Structures are given as C-alpha cells and as structure tokens.
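# Understanding the architecture of this molecule
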Amino acid sequence: AIWGGGIVSNLVVELISAGPNALAKALACDLTSLEPAQVVEATRVAQAIRRNADALVCALLTEGERQEAHRATGEISMTSLVAREAGISRREAGQQVRLARQLQQAPVLRDSLSRPGMSTDKAKLVTDALEKLPADLSAAERHEVERDLTMSAPDLPLEDLRRKTARAVEIIDAGRADRI
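On a predicted model such as this, the values are computed, not experimentally measured, just so you know.

## A look at the overall build of the protein chain
In terms of regular secondary structure, the protein chain is built from 9 helices and 0 strands. The order of helices and strands in the protein chain, counted from the N terminus, is α-α-α-α-α-α-α-α-α. If one aligns the C-alpha atoms of the protein chain with their principal axes, the spans along those axes are about 55 × 45 × 40 Å. Each of the 180 residues in the protein chain was classed as buried or not, and the buried ones make up 27%. Distance between charge centroids for the protein chain: 3 Å, based on 24 positive and 26 negative side chains.

Take a look at the structure:
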C-alpha cells in the first residue's frame, strides 16, 4: 500500500533526479550545430524547466520549513541549508525562503509560478505588493488584487509590473490609491 511520506518522497526524488544528468548531457552537446529556430526552442524549454524548478523549490522549502528538515542536516535553519546547498548568500537564501512562505498566502500566484513569462522576481514583486495592501481590505478584495496582478505578470516586463504592483490598491479603488 502507498501511505506515509516515504514512498511519495522517494518518487519525487526519483522523478527529479534525472533532470541534472539530462541537462548536463544537453550542455555537453555542440550548440553551434543548432539552427536559430532550434536555439529559440531549446531556450524556451530551458526556461520552462527553470520556472518549474523554481516552483518546486518553493514548494519544497515550504514543506522543509514545516518539517524542520534543516535539522536533519545539522543546519540551524532552512535559510542556512539553502545558502550552503545552492552556494548563495544567506541574504539570497532568506529571500527564497521568504518567497516560499509568502506564496502559501497567495495560492493563485503560487499555482501560476510555472507559467511562461513568470519568474521568481515577478512573484516577489506581487507577494511584496500583497503584503503592503491596507489592513482593512477584505479577503475578497485581496484575492481580486492577487488575481489581477498574477494574471498581468507573465505578459508585463518586470519594470512595468513593478509600477503596477506599486499601485496595487488601484485595482479595487483608484481614488484610494491616490490618497495612499
């Protein structure tokens, strides 16, 4: 019988373990032999892999925090674990862990992270904007802002999304945005 986390976790690890080897083999190929259309397609696929990997990392960080998985490695926090494993600064690792936490409060955004045109940079802009919304907004109003920003994000350049998130409350009340 399939029960508990063991079998599922092993399946997750098994599924993603093939990824690094496949990418290493692709990188070892003679990329100069590709036609322009093939370069474009390979880049599109590589970006899709990155988006899905980012979404998976966020989900794993959330679960890792819930289980305090860092303790199994002797690290003092998930931030420390991520910094060590990814070879990044604790500051950058902390931002990744923070984004994973924020995404738990933004399910529409979390479920859209792997869409073409999305990135963790865009997700961070949206989650930060959601945190800065006035406290007296209703849950429905917050959801409307999240949905609007999330649906706009893939199609907007990062700079334009930054401007839109700065005026996020305008989505539900333009007059109020001018007063804030």
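## Some thoughts on the packing of helix H6 (residues 120-131) against helix H7 (residues 139-152)
With their axes 10 Å apart at the nearest point, H6 and H7 run at an angle of 160° to one another. Regarding the angle of H6 to H7, the classification is roughly antiparallel. The crossing of H6 and H7 is right-handed. Contact residues: H6 offers Val 126, Ala 129 and Leu 130, while H7 offers Arg 142, Val 145, Glu 146, Leu 149 and Thr 150. Looking at the contact of H6 with H7 residue by residue, the classes come out as 5 nonpolar, 1 polar and 2 charged.

## What about the side chain of Thr 127?
Among the secondary structure elements, Thr 127 is positioned in helix H6. Thr 127 gets classed as buried once you look at its relative accessible area, which sits at 2%.

## Looking at a nonpolar patch on the surface
A cluster of nonpolar residues, Leu 11, Val 12, Leu 15, Ile 16 and Leu 60, forms a patch on the protein surface that exposes about 430 Å² of accessible area. Per-element tally for the nonpolar patch: the top contributor is helix H1 (residues 4-28), with 4 residues. Relative to the assigned elements, Leu 60 resides in helix H2 (residues 36-67). What makes Leu 60 partly exposed here is its relative accessible area of 44%.

## So, the pattern of salt bridges
What the rule picks out here adds up to 12 salt bridges. For Arg 98, the salt bridge goes to Glu 131, with nearest N and O atoms at 2.9 Å. With a gap of 33 residues between them, Arg 98 in helix H4 (residues 90-104) and Glu 131 in helix H6 connect regions that are remote in the sequence. Taking relative accessible area as the criterion, Arg 98 reaches 33% and is therefore assigned partly exposed. In this structure, Asp 111 and Arg 110 form a salt bridge, with 3.7 Å as the shortest nitrogen-oxygen distance. Among the charged side chains, a salt-bridge network with shared partners connects Arg 98, Lys 124, Asp 128 and Glu 131.

## Considerations on H4
Three- or four-residue spacings in an α-helix give side chains the same orientation, since the helix completes a turn every 3.6 residues. For H4, built from 15 residues, the straight-helix expectation of 21 Å at 1.5 Å per residue is met to within 8% by its first-to-last C-alpha distance of 21 Å. Of the residues making up H4, those classed as buried are Ala 93, Val 97, Leu 99, Ala 100, Gln 102 and Leu 103. Those residues of H4 that are buried are in contact with H2, helix H3 (78-86), helix H5 (107-112) and H6.

## Some words on the packing of H2 against H4
A pair of packed helices is captured by two measures, namely the crossing angle of their axes and the spacing between those axes. It is at 8 Å that the axes of H2 and H4 come closest, and there the two elements cross at 90°. On the basis of the axis angle, H2 is roughly perpendicular to H4. Side by side, H2 and H4 meet where Val 57, Cys 58, Leu 61, Thr 62 and Glu 65 of the first sit next to Gln 96, Val 97, Leu 99, Ala 100, Arg 101, Leu 103 and Gln 104 of the second. In the contact of H2 with H4, the residues fall into 7 nonpolar, 3 polar and 2 charged.

Calculation notes
Residues numbered from 1 in each chain as written. Predicted model: local features only at pLDDT ≥ 70, side-chain atom pairs only at ≥ 80, totals over all residues. Heavy atoms only, no water. Helix = DSSP H or I, 4+ residues; strand = E, 2+ residues; numbered from the N terminus. Buried < 20%, exposed > 50% of the residue type's maximum accessible area, 1.4 Å probe, protein only. Lys, Arg positive; Asp, Glu negative; His and termini not counted. Charge placed at Lys NZ, Arg CZ, Asp CG, Glu CD. Axes fitted to C-alpha atoms, helices over the stretch in contact; angles between N-to-C directions. Parallel < 35°, antiparallel > 145°, perpendicular 65-115°, else oblique. Left-handed = near helix turned anticlockwise from the far one by under 90°. Contact = heavy atoms within 4.5 Å. Nonpolar A, V, L, I, M, F, W, Y, C, P; charged D, E, K, R; others polar. Patch = residues over 30% accessible without salt bridge, like charges linked within 9 Å, V, L, I, M, F, W, Y side chains within 5 Å. Areas by Shrake-Rupley, 256 points an atom, 1.4 Å probe, with all protein chains shown as cover. Salt bridge = Lys/Arg side-chain N within 4 Å of Asp/Glu carboxyl O. Expected span 1.5 Å × (residues − 1).

So, to be careful, I would describe these as geometric facts and stop short of saying anything about function.
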